Amino acid sequence: MKLFAHRGVMAHHPENTMTAFRAALEAQSDGIEADVHMTKDGKLVLIHDETINRTTDGRGRVADMTLSELRGYNAGVTFAIQEQIPTLDELIDLCRGTSMVLNLEVKTDIERYPGIEQLLIDTIRNQRLPVGQVMFSSFNHSTLQRLNQLAPEIECAVLLAQPLYDLVAYCKKVGATAVHPNVLTMTDEEILHLQDEGLSVRPYTVKTVHDLERFSQLGVDAVFVNDIDWAKAHSTP
Ligand code: G3P
Ligand code: CA
């Protein structure tokens, strides 16, 4: 079972920052999950919320600010260090030449960010990121469908906060080959059924040894964790 560093190693570093992503590399994580938004001047940046209020010393919507304005705020305040909101390009540069898989969660749930899908695909192609080194996920499944139409070679994963009826058919319709369910929402039988149907399952966010063992036994492809060292220490080899 692979381990993905959720927002980087967010247990010990400010989430979605280069420090948190570097920590994931140092801990030899299999993957990094990062949340993608788009600035007013059309740049892709990594931050969880639609606003910078919770994770920086500033206030306001990402969509209302240019990259240069956003860079003026400190994204390391939660750990009392100095950090800038990173761009997607910086994360790709960090992982270039490594086996680190990037799970880019496209945050179009509240903001729509028109054109973000094409911009993402262009960025990945311009950066020559190998196809197997990136996957998309989103709670906005229309976004996934557009991404899949633009770049069918890149894996798309349906993010689910709650269970969904007839998920296998739904994934086919969206063009997704993976499901990222909330840890609390799926039974063992449902997970095994999805896997039998050829879908990869990667639950988020695993915080207990019990869940680590449960998902490992179910044979899921990967889990998202906030602390890679903790997960490695409690995983069966
Ligand atoms: O991608 C899994 C997980 O990150 C989704 O929830 O709120 O942490 O972005 P959230
Ligand atoms: Ca996320």
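The structure displayed is predicted, hence computed values, not measured ones.

### Thoughts on the overall build of the protein chain
Then comes step 1: The number of helices and strands found in the protein chain is nine helices and nine strands.
Then comes step 2: Computed over C-alpha atoms, the radius of gyration of the protein chain comes to 17 Å, within 12% of the 18 Å expected from 2.2 N^0.38 for 237 residues, which places it in the range of a compact globule.
Then comes step 3: Principal axes of the C-alpha set define a box for the protein chain whose edges measure 50 × 40 × 35 Å.
Then comes step 4: Of all 237 residues assigned to the protein chain, the portion counted as buried reaches 44%.
Then comes step 5: Residue pairs in contact within the protein chain that sit at least 24 positions apart in sequence constitute 52% of those at least 6 positions apart.

### Some remarks on the UniProt feature "domain: GP-PDE" (unreviewed entry) in the protein chain
Then comes step 1: Sequence positions flagged by UniProt for "domain: GP-PDE" (unreviewed entry) are, in local numbering, residues 1-235.
Then comes step 2: Secondary structure content for residues 1-235 is 32% helix and 18% strand, and the end C-alpha separation is 9 Å.

### Examining the nonpolar core
Then comes step 1: Residues Leu102, Phe136, Ala157 and Val179 are the most contacted members of the largest nonpolar core, which totals 70 residues.
Then comes step 2: If sequence neighbours within four positions are ignored, Leu102 has contacts with Gly31, Ile32, Ala34, Leu91, Cys95, Gln133 and Val134.

### Points about the environment of Arg128
Then comes step 1: By the secondary structure assignment, Arg128 is in the loop between α4 (116-126) and β5 (134-138).
Then comes step 2: Residues Arg128 and Gln28, spaced 100 residues apart in sequence, show a C-alpha to C-alpha distance of 22 Å.

### Here's the deal with the site of ligand 1
Then comes step 1: Every residue lining ligand 1 is accounted for by His6, Glu33, Asp35, His48, Glu105, Ser137, Leu159, His180, Tyr204 and Phe224.
Then comes step 2: For the shell around ligand 1, the class distribution of residues is three nonpolar, four polar and three charged.

### Overview of the packing of helix α1 (residues 18-26) against helix α3 (residues 88-95)
Then comes step 1: Viewed as axis vectors pointing N to C, α1 and α3 meet at an angle of 20 degrees, and their least axial separation amounts to 11 Å. Classified by the interaxial angle, the pair formed by α1 and α3 is roughly parallel. Where α1 crosses over α3, the handedness of that crossing is right-handed. Contacts between α1 and α3 pair Met18, Phe21, Arg22 and Leu25 from the former with Glu90, Leu91 and Leu94 from the latter.
Then comes step 2: Its residues placed into classes, the contact of α1 with α3 shows five nonpolar, no polar and two charged.

### Details of the environment of Leu184
Then comes step 1: Counting through the fold element by element, Leu184 comes out in the loop between β7 (178-181) and α7 (188-196).
Then comes step 2: Overall, Leu184 belongs to the exposed group, with 9 C-beta atoms counted inside 10 Å.

### Quick notes on the environment of Ile154
Then comes step 1: Checked against the element boundaries, Ile154 lands in the loop between α5 (141-150) and β6 (155-160).
Then comes step 2: Since 20 C-beta atoms lie within 10 Å of it, Ile154 is described here as buried.
Then comes step 3: As for Ile154 and Gly132, which are separated by 22 residues in sequence, their C-alpha atoms are 7.3 Å apart.
Then comes step 4: Sequence-distant contacts of Ile154, that is, excluding residues within four places in its chain, are made with Val131, Val134, Met135, Phe136 and Leu147.

### Considering the packing of α4 against α5
Then comes step 1: Between α4 and α5, whose axes approach to 9 Å, the crossing angle comes to 45 degrees. Classified by the angle their axes make, α4 and α5 are oblique. α5 is crossed by α4, and the crossing has right-handed handedness. Taking contact as the criterion, the partners of Glu117, Gln118, Leu120 and Ile121 in α4 are, on α5, Thr143, Arg146, Leu147 and Leu150.
Then comes step 2: The residue inventory of the contact of α4 with α5, partitioned by class, reads four nonpolar, two polar and two charged.

Calculation notes
- Residues numbered from 1 in each chain as written.
- Chains lettered and ligands numbered in written order.
- Predicted model: local features only at pLDDT ≥ 70, side-chain atom pairs only at ≥ 80, totals over all residues.
- Helix = DSSP H or I, 4+ residues; strand = E, 2+ residues; numbered from the N terminus.
- Rg over C-alpha atoms; globule rule 2.2 N^0.38 Å.
- Buried ≥ 20, exposed ≤ 12 C-beta atoms within 10 Å, placed from the backbone.
- Contact = placed C-beta atoms within 7 Å.
- UniProt positions renumbered as here; feature names shortened; annotations may be inferred.
- Core = buried A, V, L, I, M, F, W, Y, C linked by C-beta atoms within 7 Å.
- Near = placed C-beta within 6 Å.
- Nonpolar A, V, L, I, M, F, W, Y, C, P; charged D, E, K, R; others polar.
- Axes fitted to C-alpha atoms, helices over the stretch in contact; angles between N-to-C directions.
- Parallel < 35°, antiparallel > 145°, perpendicular 65-115°, else oblique.
- Left-handed = near helix turned anticlockwise from the far one by under 90°.

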